[in-house]
Amino acid sequence: MIFVTGGAGFIGSNFVLEWLARTDEPIANLDKLTYAGNLQSLASAANDPRHVFVKGDIGDAELVGRLLATYRPRAVINFAAESHVDRSIHGPEEFIQTNIVGTFRLLEALRDYYRPLPDAEKSAFRFLHVSTDEVYGSLERGDAPFREDNPYQPNSPYSATKAASDHLVRAYHHTYGLPVLTTNCSNNYGPYHFPEKLIPLCIHNALAGKPLPIYGDGEQIRDWLYVQDHCSAIRRVLEAGQIGECYNIGGWNELTNLTVVNTVCSILDDLKPRDDGLSYASQLTFVEDRLGHDRRYAIDATKLSADLGWRPSETFDTGIRKTIQWNLDNLDWVKNVTSGAYQHWVDKQYGTS
Ligand SMILES: NC(=O)c1ccc[n+]([C@@H]2O[C@H](COP(=O)([O-])OP(=O)(O)OC[C@H]3O[C@@H](n4cnc5c(N)ncnc54)[C@H](O)[C@@H]3O)[C@@H](O)[C@H]2O)c1
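These lines cover the structure that appears in this document, whether it is placed above or below.

**Some points on the site of the ligand**
Line of reasoning, step 1. Neighbouring the ligand are 28 residues, the closest being Ile11, Asp31, Ser83, Tyr158 and Lys162.
Line of reasoning, step 2. Lys32 places a polar main-chain atom, nitrogen or oxygen, 3.0 Å from a nitrogen atom of the ligand.
Line of reasoning, step 3. The biggest single contributor to the shell around the ligand is strand E5 (residues 126-132), with 3 residues.
Line of reasoning, step 4. For the shell around the ligand, the class distribution of residues is 12 nonpolar, 12 polar and 4 charged.

**Some points on the side chain of Thr161**
Line of reasoning, step 1. Relative to the assigned elements, Thr161 resides in helix H6 (residues 157-176).
Line of reasoning, step 2. On the accessibility criterion, Thr161 (3% relative accessible area) is buried.
Line of reasoning, step 3. In terms of polar contacts, Thr161 uses its side chain to reach the backbone carbonyl oxygen of Tyr158, at 2.8 Å.
Line of reasoning, step 4. With sequence-adjacent residues up to four places away left out, Thr161 is seen in contact with Phe95, Ile96, Asn99 and Ile100.

**Re the nonpolar core**
Line of reasoning, step 1. Formed by 42 residues in total, the largest nonpolar core has its most connected members in Phe15 and Ile77.
Line of reasoning, step 2. Top contributing element to this core by residue count: helix H1 (residues 10-22), with 7 residues.
Line of reasoning, step 3. In this structure, Phe3, Leu30, Ile58 and Leu178 belong to the second largest nonpolar core, which totals 24 residues.

**Considering the pairing of strand E1 (residues 2-5)**
Line of reasoning, step 1. Of the two faces of E1, the one lined by Ile2 and Val4 and the one lined by Phe3 and Thr5 are each fully buried.
Line of reasoning, step 2. Pairing of E1 with strand E2 (residues 27-31) involves 4 bridges; the strand directions are parallel. In the sheet register, Phe3 faces E2, and the bridge partner there is Ala28.
Line of reasoning, step 3. For the crossover that starts at E1, traverses H1 and ends in the parallel E2, the hand is right-handed.
Line of reasoning, step 4. Where E1 meets strand E4 (residues 75-78), 4 bridges bridge the pair, whose relative direction is parallel. For Thr5, the partnering residue across the bridge sits in E4 and is Asn78.

**Observations concerning the environment of Glu140**
Line of reasoning, step 1. Along the chain, Glu140 falls in the loop between E5 and H6.
Line of reasoning, step 2. Under the relative-accessibility criterion, Glu140 is labelled exposed at 53%.
Line of reasoning, step 3. Residues Glu140 and Tyr297, 157 residues apart in the sequence, show an inter-C-alpha distance of 8.7 Å.

**So, the packing of aromatic side chains**
Line of reasoning, step 1. Inspection of the entire model under this criterion finds 15 aromatic pairs.
Line of reasoning, step 2. Measuring from ring centre to ring centre gives 5.3 Å for Phe15 and Phe79, while their planes differ by 50 degrees; the resulting arrangement is tilted. Within this pair, whereas Phe15 is found in helix H1, its partner Phe79 is found in the loop between E4 and helix H3 (85-90), the two being separated by 64 residues in sequence.
Line of reasoning, step 3. With relative accessibility at 12%, the residue Phe79 sits in the buried group.
Line of reasoning, step 4. Geometrically, the ring pair formed by Tyr192 and Trp326 is edge-to-face, given 4.8 Å between the ring centres and 65 degrees between the ring planes. In this pair, Tyr192 sits in the loop between strand E7 (187-189) and helix H7 (198-207) while Trp326 sits in helix H11 (residues 316-329), placing the two residues 134 residues apart along the sequence. Neither Tyr192 nor Trp326 differs from the other in exposure class; each is buried.
Line of reasoning, step 5. Among the aromatic side chains, those forming a connected cluster through ring pairs are Tyr189, Trp224, Tyr226 and Phe316.
Line of reasoning, step 6. One Lys or Arg, Lys122, reaches over the ring of Tyr114 and ends 5.3 Å from the middle of that ring.
Line of reasoning, step 7. The ring of Trp252 has Arg311 lying over it, and the distance from NZ or CZ to the ring centre is 4.2 Å.

About the thresholds
- Every chain's residues receive numbers from 1 upward, in the order its sequence appears when written.
- Confidence filtering applies because this is a predicted model: local features only for residues at pLDDT of at least 70, side-chain atom pairs given and counted only at 80 or more, and all residues used for totals across whole chains, interfaces and linings.
- Heavy atoms from the whole structure form the basis of all side-chain values; hydrogens and water molecules are not counted.
- Neighbouring residues are identified by heavy atoms, a residue being near a molecule or strand if any of them is within 4 Å of it.
- Side-chain atoms alone can form a polar contact between residues adjacent in sequence; in general such a contact is a pair of N or O atoms within 3.5 Å, and within protein one must be able to donate a hydrogen while the other accepts it.
- Put simply, DSSP H or I for four residues or longer makes a helix, DSSP E for two residues or longer makes a strand, and each gets a number counted from the N terminus.
- Three residue categories are used. Nonpolar comprises Ala, Val, Leu, Ile, Met, Phe, Trp, Tyr, Cys and Pro, charged comprises Asp, Glu, Lys and Arg, and polar comprises the others, including Gly.
- Categorising residues by exposure relies on relative accessible area from a 1.4 Å probe, with only protein chains included: less than 20% of the type maximum marks a residue as buried, more than 50% marks it as exposed, and the intermediate range marks it as partly exposed.
- Residue contacts are defined here by distance: any two heavy atoms, one from each residue, within 4.5 Å place the two residues in contact.
- For this analysis, a nonpolar core means a set of buried residues of the types Ala, Val, Leu, Ile, Met, Phe, Trp, Tyr and Cys, connected via side-chain atoms within 4.5 Å.
- When DSSP finds two or more bridges between two strands, those strands count as paired.
- A crossover gets the label right-handed when its path from the first strand over the helix to the second runs clockwise, viewed with the strands pointing away from the viewer.
- In summary, the pairing rule links any two rings of Phe, Tyr or Trp, Trp by its six-membered ring, whose centres are within 6.5 Å, and it sorts them by plane angle into stacked for under 30 degrees, edge-to-face for over 60 and tilted for everything else.
- By definition, being over a ring means that NZ of Lys or CZ of Arg is both within 6 Å of the ring centre and within 35 degrees of the ring normal.

Following this line, the structure appears as structure tokens:
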């Protein structure tokens, strides 16, 4: 079987659901269920015997060691992290604990698990660490997109802690021979996205008649990737990636935040027009910029496409339409998340608290 951490979060839950849809191989899922973990996203897998959910912390080395010994996975994929830049600015401590200390403890547990494995299991085993393009810092317009050999220049507590975790993963390969793979991906969007991030926040605020907040001038550029394309890239790297290598994952979709929000508004105008006939764009409100806001991220994913033959399936236009339609079709999920009711639902459904 395979073992994932953080599989109740945005990307992890998409990965788990797709894994179950595509293969018969069981999947164990360790998640602490922070505010960002939502078992309701995994409701369709709740009664699937191939999915084993365990509530717990990647920093709990004893628990992780026990789970590895019990399930004997052929691969571990680490999605677990504190992931929201704004939260890292207001309170970096949790980011240090999970992204750095947690990754370190997970690596220690993996080292203990890996060392005595029989040769055949050893040569098949992989640890894939899911990371971000934010570790490379910020680009100016006209700069070449980030490649895997760009120096790390993280600018926020979030990206600094992810950078530290990437370095630890690299060191555990070079020092202890742990068979690791690292992926650095651009901004994701898609189903089950927690509505604190730009795209789901815009969709939900637009529908609720609330302001659509734009940081600064809205000219910050991000490279957007549909979450299921991120999952397909991770599957491909797991299957064929070179041990010890890093792979950038990107969507070749560089857009300013303002363009993203205007696109969301015009699709919503089409799919669910406002009663008064005005565009949702009339709700746009410019707010003070985020501290230290990076201007531009752009990913060069040539290595992944040239070496492993991966390409995204969605363009931004197709992916964003699917995302908005998913939100319109899943208003209950959205309502439960925004009201906090998802935490009660999880307790009731799984008795996890
Ligand atoms: N969202 C993006 O655009 C993006 C882009 C590139 C890379 N990433 C990376 O992908 C990974 C997943 O991101 P996401 O957007 O799904 O994040 P998320 O915040 O939606 O989910 C994180 C999950 O990890 C769990 N978690 C947090 N701390 C934990 C701990 N100590 N032990 C066990 N579980 C814990 C949470 O409960 C949650 O379910 C992260 O490592 C992030 O850095 C995200």
